[in-house]
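Residue-level structure breakdown
The residues making up each chain are set out below.
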Amino acid sequence: MALLGGGFSTDEDGLLDDWLLDHARSERPKVCFVPTASGDAPAYIDQFLRAFASRDCEPSVLPLFRRELDDEALRVFLLGQDVIYVGGGNTANLLAVWRTHGVDRILRDAYDRGTLLCGISAGANCWAEGSHTDSFGPLTFLRDGLGLLPGSVCPHYDSEPGRRTSYREAVAAGMLPPGWALEDGVGALFVDGRLEDAVTTTPQARLYRVEAGGDGGHGAGERVLTCRLLDLPADA
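Described below are features of the structure shown in this document. (Residues numbered from 1 in each chain as written. Predicted model: local features only at pLDDT ≥ 70, side-chain atom pairs only at ≥ 80, totals over all residues. Heavy atoms only, no water.)

**Here we look at the state of the cysteines**
For the record, the criterion: Cysteine sulfur atoms that pair up within 2.5 Å are treated as a disulfide. Exposure categories follow from relative accessible area, calculated using a 1.4 Å probe and restricted to protein chains: below 20% of the type maximum is buried, above 50% is exposed, and the middle band is partly exposed.
According to the stated counting rule, one finds zero disulfides in the structure shown. The closest cysteine sulfur to the non-disulfide-bonded C57 is located on C118, 11 Å from its own sulfur. Look at C57 and you get buried, because its relative accessible area is 3%. There is no disulfide at C126, and the cysteine sulfur nearest it, in C118, is 9.5 Å away.

**Brief notes about the nonpolar core**
If you look at soluble globular proteins, the nonpolar side chains tend to sit buried side by side. What counts here: Here, nonpolar core refers to any group of buried Ala, Val, Leu, Ile, Met, Phe, Trp, Tyr and Cys residues whose side-chain atoms link them within 4.5 Å. Two residues form a contact once any of their heavy atoms are found within 4.5 Å.
One finds W98, W127 and L207 to be the most contacted residues of the largest nonpolar core, which totals 43 residues. Filtering out sequence-adjacent residues up to four positions away, L207 remains in contact with W180, A181, L182, V186, A188, L195, A198, R223, V224, L225 and C227. By size, the runner-up hydrophobic cluster in this structure holds 25 residues, among which are F48, F52, C57 and I120.

**Here's the deal with the sheet that holds strand β13 (residues 220–225)**
In a beta sheet, neighbouring strands are held together by backbone hydrogen bonds and run either parallel or antiparallel to one another. Condition: Two strands qualify as a pair provided DSSP detects at least 2 bridges between them. Put simply, DSSP H or I for four residues or longer makes a helix, DSSP E for two residues or longer makes a strand, and each gets a number counted from the N terminus. Every axis in this analysis is a line fitted to C-alpha atoms, fitted for helices over the stretch in contact. Angles between the N-to-C directions lie between 0 and 180 degrees.
Ordered by their spatial adjacency, six strands build an open sheet running β7-β6-β8-β9-β12-β13, and the pairing between neighbours is mixed. This sheet does not close on itself; its edge strands, each paired only once, are β7 (140–142) and β13. Averaged over neighbouring strand pairs, the angle between their axes works out to 25 degrees when direction is ignored. As paired elements, strand β6 (residues 128–133) and strand β8 (residues 149–154) share three bridges and run parallel to each other.

**Some words on the sheet that holds strand β3 (residues 58–61)**
Across the sheet, which stays open at both edges, the eight strands sit in the order β3-β2-β4-β5-β1-β10-β11-β14 with mixed pairing between neighbours. Every interior strand has two partners, whereas the edge strands, β3 and β14 (228–229), have only one. Direction of pairing for strand β10 (residues 186–191) relative to strand β11 (residues 194–200): antiparallel, over a ladder of six bridges. Its bridge partner lying in β11, A188 is registered against A198. Its contacts with the sheet place helix α1 (residues 15–22) against β1 (2–4), β2 (30–34), β4 (83–86), β5 (116–120), β10, β11 and β14, and it is angled at close to 15 degrees to β10.

**Let's talk about the environment of G39**
Following the sequence through the fold, G39 ends up in the loop between β2 and α2 (42–53). As for G39 and G123, which are separated by 84 residues in sequence, their C-alpha atoms are 13 Å apart.

**Thoughts on the side chain of S131**
Along the chain, S131 turns up in strand β6. Apart from the residues within four sequence positions on either side, S131 is in contact with T91, N125, T140, F141, L142, S152, V153 and L176.

**What to know about the pairing of β5**
With five of five residues buried, β5 lies mostly within the body of the structure. Neither face of β5 is left uncovered, since the one carrying L116, C118 and I120 and the one carrying L117 and G119 both have all their residues buried. Pairing of β1 with β5, which is carried by three bridges, proceeds in the parallel orientation. Bridge pairing in β5 links L3 to G119.

Rendered as structure tokens:
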């Protein structure tokens, strides 16, 4: 499982997406983009297809607002993917739609079978037990994730006003379990719930572990995790 603080939708260098594909189980992986959180926005889908068409992979898209596959075909399609890449948008709506269509159950099976699950923003939030989100307007907590990653997730930790303070308050109050906060530009890879690799495309971007009990026993403390700096190949 990979949490992304960037990728094709925000970055021009493609470094995080290349890093992601390096961890797929196939040399030419099947990569399915799931744009549910954006309401299957056509421009978002086109952006993904343009970004991955030139890569050594087989890109595809799973639309759910105009669903074309029956239950069995949907299951076969998702379980046949090597990478499932979830886009950003509204985390709460994403989870509700997935559960209506049974996608949540299929994704659990895909994870157990070794599919790499990943995404940015809402696509990072959804995998954890809980997350920090603006799905309901103001920044708040959501304790209704898939739970494939223990703890909670907070995206955009450095780029959206109020994120840092609000997330730490939610963890300190026990509204969210301890978790992972990603600044933009960071990628974090987990295997069986354990952090295996952390990378960044910019020297100043950080990954944090946020837990209750900071500030002398009050509030929440954050611990900076070491990230490898990704760089473009010399001949790029």
